[in-house]
Amino acid sequence: NRTETLKKGETVVMHSCGEANFPKYKGKIWKCLTDSYLSRSGQELVFLEGFSGSFISKFLQIVIIK
């Protein structure tokens, strides 16, 4: 049930969700610990380094760090 949206090791930032507005998460760059995958309920999720639990992929934007 792995998807192609996000890959392990990619960096992302949260957007368009409640968590994105929390001061400690606003603008924070996260590293994906897993590839994105479909949950039993059909939501696409990914685990992020330093975040408790999984996170919905559609609220994450890939950030390219050069």
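The coordinates are above.
This text gives an overview of the structure that appears in the document. (Residues numbered from 1 in each chain as written. Predicted model: local features only at pLDDT ≥ 70, side-chain atom pairs only at ≥ 80, totals over all residues. Heavy atoms only, no water.)

**Here's the deal with the nonpolar core**
Counted only if it meets this: Grouping buried Ala, Val, Leu, Ile, Met, Phe, Trp, Tyr and Cys residues that are joined through side-chain atoms within 4.5 Å yields what is termed a nonpolar core. Any residue under 20% of the maximum accessible area for its type is buried, any over 50% is exposed, and the rest in between are partly exposed; the area is computed with a 1.4 Å probe on protein chains only. Whether two residues are in contact is decided by their heavy atoms, any of which lying within 4.5 Å being enough.
Core analysis: the largest hydrophobic core is formed by 13 residues, its most contacted members being V12, M14, W30, L48, F51, F55 and L60. Among residues more than four places away in sequence, those in contact with F51 are M14, Y25 and W30.

**Details of the sheet that holds strand β6 (residues 60–63)**
Let me state the cut-off plainly: Two strands are said to pair when DSSP picks up at least two bridges between them. Numbering of helices and strands runs from the N terminus; a helix is a DSSP stretch of H or I covering at least four residues, while a strand is a stretch of E covering at least two. Interaxial angles span 0 to 180 degrees and are taken between N-to-C directions of axes, which are lines fitted to C-alpha atoms, for helices over the stretch in contact.
Strands sit in the order β2-β1-β6 across an open sheet of three strands; the sheet is antiparallel. Two strands in the sheet have a free side with no partner beyond their single neighbour: β2 (29–31) and β6. Taking the axes of each pair of neighbouring strands and ignoring which way they run, one obtains an average angle of 45 degrees across the sheet. With three bridges connecting them, strand β1 (residues 11–14) and β2 associate as antiparallel partners. Looking at the pairing, V12 lines up with W30 of β2.

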